[in-house]
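# Structural overview for review
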Amino acid sequence: MNNLFQVELSGIIKILSDHLYSEPMVFIREALQNATDAIKAREKQETFQPKILISFFENDKGAGFVITDNGIGLTASEIQEFLAKIGSSSKSLDTLNETRSDFIGQFGIGILSCFMVSDTITVITKSIHSETTFKWIGRMDGTYEIETADQPLTEGTRIILTLRPGNTWTTDDIKENVLKFGQHLIVPIELEINGQQEGNINQAFPWEKSGTKEDILNTGTELFGESFQHYIPLLHPEDGSHQGILYILPRPSSQVRDISGYLYVKRMFVSNRCGDLLPDWAVFVKPVINTNQLSLNASRESIYLDEDAQKLKKHIAFSIKDYFKKLSHEHPKLLQHILQVHNNALKQIATHDREFLSFIYKWFKFQTSHGQMTLGIIREKYQTIFHIPNVDEFRQIVPIANANRKLILNTGFAYDAALIRAMEHIDNERDYIKIDAQYFGNFLGEIDLEEDKLYRDRLVKLQEYLTSFDAKIKLKKFEPDHVAAIYHASIDTLQFRDIENIREESSSLWTSISDNITPQKKPTPAKLYLNANNKLVVELLKKSSNNEQAIIETLLVSAMMMGHYPLTQRELNSLNDNLSQFLNLAII
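Presented here is an overview of the structure given in this document.

What counts and what doesn't
Residues numbered from 1 in each chain as written. Predicted model: local features only at pLDDT ≥ 70, side-chain atom pairs only at ≥ 80, totals over all residues. Heavy atoms only, no water. Salt bridge = Lys/Arg side-chain N within 4 Å of Asp/Glu carboxyl O. Helix = DSSP H or I, 4+ residues; strand = E, 2+ residues; numbered from the N terminus. Buried < 20%, exposed > 50% of the residue type's maximum accessible area, 1.4 Å probe, protein only. Pairing = 2+ DSSP bridges. 1 Å grid on protein atoms, 1.4 Å probe; cavity = no way out; pocket = protein on both sides within 12 Å on 5 of 7 lines; lining within 4 Å. Points joined across faces, edges and corners; volume = space filled by probe spheres on them. Nonpolar A, V, L, I, M, F, W, Y, C, P; charged D, E, K, R; others polar. Contact = heavy atoms within 4.5 Å. Polar contact = N/O pair within 3.5 Å; in protein donor to acceptor, adjacent residues only side chain to side chain. Core = buried A, V, L, I, M, F, W, Y, C linked by side-chain atoms within 4.5 Å.

### Section: the pattern of salt bridges
If you walk through the whole model with that rule in mind, you get 21 salt bridges. Close ionic contact of E208 with R267 constitutes a salt bridge, the shortest N to O distance being 3.0 Å. Taken together, the residues span a long stretch of sequence, with E208 in the loop between β8 (196–200) and α5 (213–224) and R267 in the loop between β11 (260–265) and β12 (268–273) at a distance of 59 residues. Judged by its relative accessible area of 14%, R267 is buried. Of the charged contacts in the structure, one is a salt bridge between E307 and K311, with a shortest N-O distance of 3.7 Å. Of the two residues, E307 and K311 are both situated in helix α6 (residues 307–330); the distance of four residues between them amounts to about one turn of the helix. Look at E307 and you get exposed, because its relative accessible area is 58%. Here the salt bridges do not stand alone but share partners, grouping R42, E46 and E155 into one network.

Pasting the structure below:
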């Protein structure tokens, strides 16, 4: 024997309010969706003047809503199908129309959202296919009744709700939510509050207004509170399924991907969360989008990330790239201005899209040893382009690079190194070489054989002082003369130094742990390049002195500081001791 499940309606309503819908006011959207779809269903069968009236009332008995439409209405059998059966499969919707592709939602479960604010739902409806006006009353306890209405309607449906006592909604709250959900619907909607006509709430989308840039930007300011100066029109596909505006933020955007905007499906507001429809890098725009093809989830507050959603996402990405491509040809100064504001976001696009990179690269600015330069200017002037993906190493060698008339790019900032790697794939006319301070040592001048023989013993002696610092001395000649030394350590060497520092300063437990992670093979020692053109270095090499250990250690530590390398406790102690020694000598 088969039995039917028993469903407690109040439990269903709690699920709706706690887990399905984000706020009770969504009943306005659900009622508007049903009213709009009913009107569309009637429009497919006859010509008439559609209208929806939303009335809010407050009196001694309480507050409530009356929502009236002149749509197709419901027959007695349709009332049983759509109102009395929770979770109906809507198989009988064919009786309303052969297709529902232009409908916003589904009859049935949406009406239950009204129970979030009212204990009773009264529906008065008259179908265009019936002479009788019916009255359906549904209650929170799961009971309902159907009867012939005392006052017949000409056609359409009227929903009557009495709000539960204790609601705190103001008339401003009512206006705001009715506007939010209904202002862009095609069907004329009138709002009435306590018998006073508020007028028609319908408004055009920004792209449907006069079309002037000023009007579109002013609408963006009203929506987002930003003083927009530019926007990207969403290119219209041939089928007209998507329309929209992407407002370009007038300030640098956060790289946190929390994209807010306005998403509409078939002109009904759905959500302020638009991140799933925009590319990861599009953090610099605020979207207003209307689409006719996306599928909504049960709450109709978000979309399914299906094939249609992915197509729209690709279409938005294409619209953004196409906009910047046109700017590069028609308004290059405007493109340069936008790049200055949203440099990182646009570089991120370029690193993943070679076609986009091929026309926009010339406007990207880089910090170089000769100052700020665009990549376009750099390509025009230099065949070989050296770059260093480390800010500190770049700062360390800028004086030497300039003295030797070498251009070096700093690619240590976000996306710069990745952008240059991408350039290597599309630019076969230039050589892009990644270097570090050690590599740059190859450009430093070599000492001659006589100097090598003259200073060999002294270099051996000075090297002994640096044994505990794990740095190897190299004697070179380079400009400018006032730079006495350059220090360079590889990533492996720095990691090894950190582990050694932990072992020396930690307990036996951490020492044991560090022993397990220390590389078995000791990395190459750091390099200390001494400048044979520097007077202090020459004096140090020519003759020994009582202070030579303090001098070579100080040269090492100062070169490390110039390169922004971290100092261990040993190096800090050396710096303090040697400074004290020099001060004592000065005083004496």
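Don't stop here, the text continues.
### Points about the environment of K406
Turning to its location among the elements, K406 is positioned in the loop between α11 (391–403) and β17 (408–410). Taking the C-alpha atoms as reference points, K406 and T384, separated by 22 residues in sequence, lie 9.9 Å from one another.

### Describing the pairing of strand β7 (residues 189–193)
Of all the five residues making up β7, four are buried; the element is thus mostly covered by neighbouring parts of the structure. Bridge analysis of strand β1 (residues 52–59) against β7 gives five bridges, and the strand direction is parallel. For I54, the partnering residue across the bridge sits in β7 and is L191. Pairing analysis gives four bridges linking β7 to β8, with the strands arranged antiparallel. Counted as the bridge partner of L191 is G199 from β8. Between β7 and the antiparallel strand that follows it, β8, lie two residues; N194 among them carries a positive phi value of about 50°.

### Overview of empty space enclosed by the protein
Counted by the stated rule, this structure contains three cavities of 30 Å³ or more. Its boundaries defined by the atoms lining it, the second largest cavity holds a volume of some 60 Å³. Along its surface, the second largest cavity is lined by Q229, H230, I248, L249, P250, H337, I338, V341 and H342. In terms of residue count, helix α7 (residues 332–341) provides more of the lining of the second largest cavity than any other element does, three residues in total. When grouped by side-chain class, the residues that make up the lining of the second largest cavity number five nonpolar, four polar and no charged.

### A closer look at the environment of L540
With respect to the secondary-structure elements, L540 resides in helix α17 (residues 535–542). Placed twelve residues apart in sequence, L540 and I552 show a C-alpha to C-alpha distance of 8.3 Å. Setting aside residues no more than four positions away along its own chain, L540 makes contact with R458, L462, E548, I551, I552 and L555.

### What about the side chain of Q243?
Among the secondary structure elements, Q243 is positioned in strand β10 (residues 242–248). A residue is classified by how much of its surface remains accessible, and Q243, at 12% relative accessible area, is buried. A polar contact of 2.9 Å, which involves the side chain of Q243, links it to the side chain of N290. When neighbours within four sequence positions are excluded, Q243 is seen to be in contact with W207, L234, H236, V288, I289, N290 and N292.

### Some words on the nonpolar core
F27, L32, I54, F65 and I121 are the most contacted members of the largest nonpolar core, which has 57 residues in total. The element contributing the most residues to this core is helix α2 (residues 26–43), with seven residues. Filtering out sequence-adjacent residues up to four positions away, I121 remains in contact with I111, C114, F115, W136, I137, G138, I159, I160 and L161. Residues I232, L246, C274 and L409 belong to the second largest nonpolar core, which totals 54 residues.

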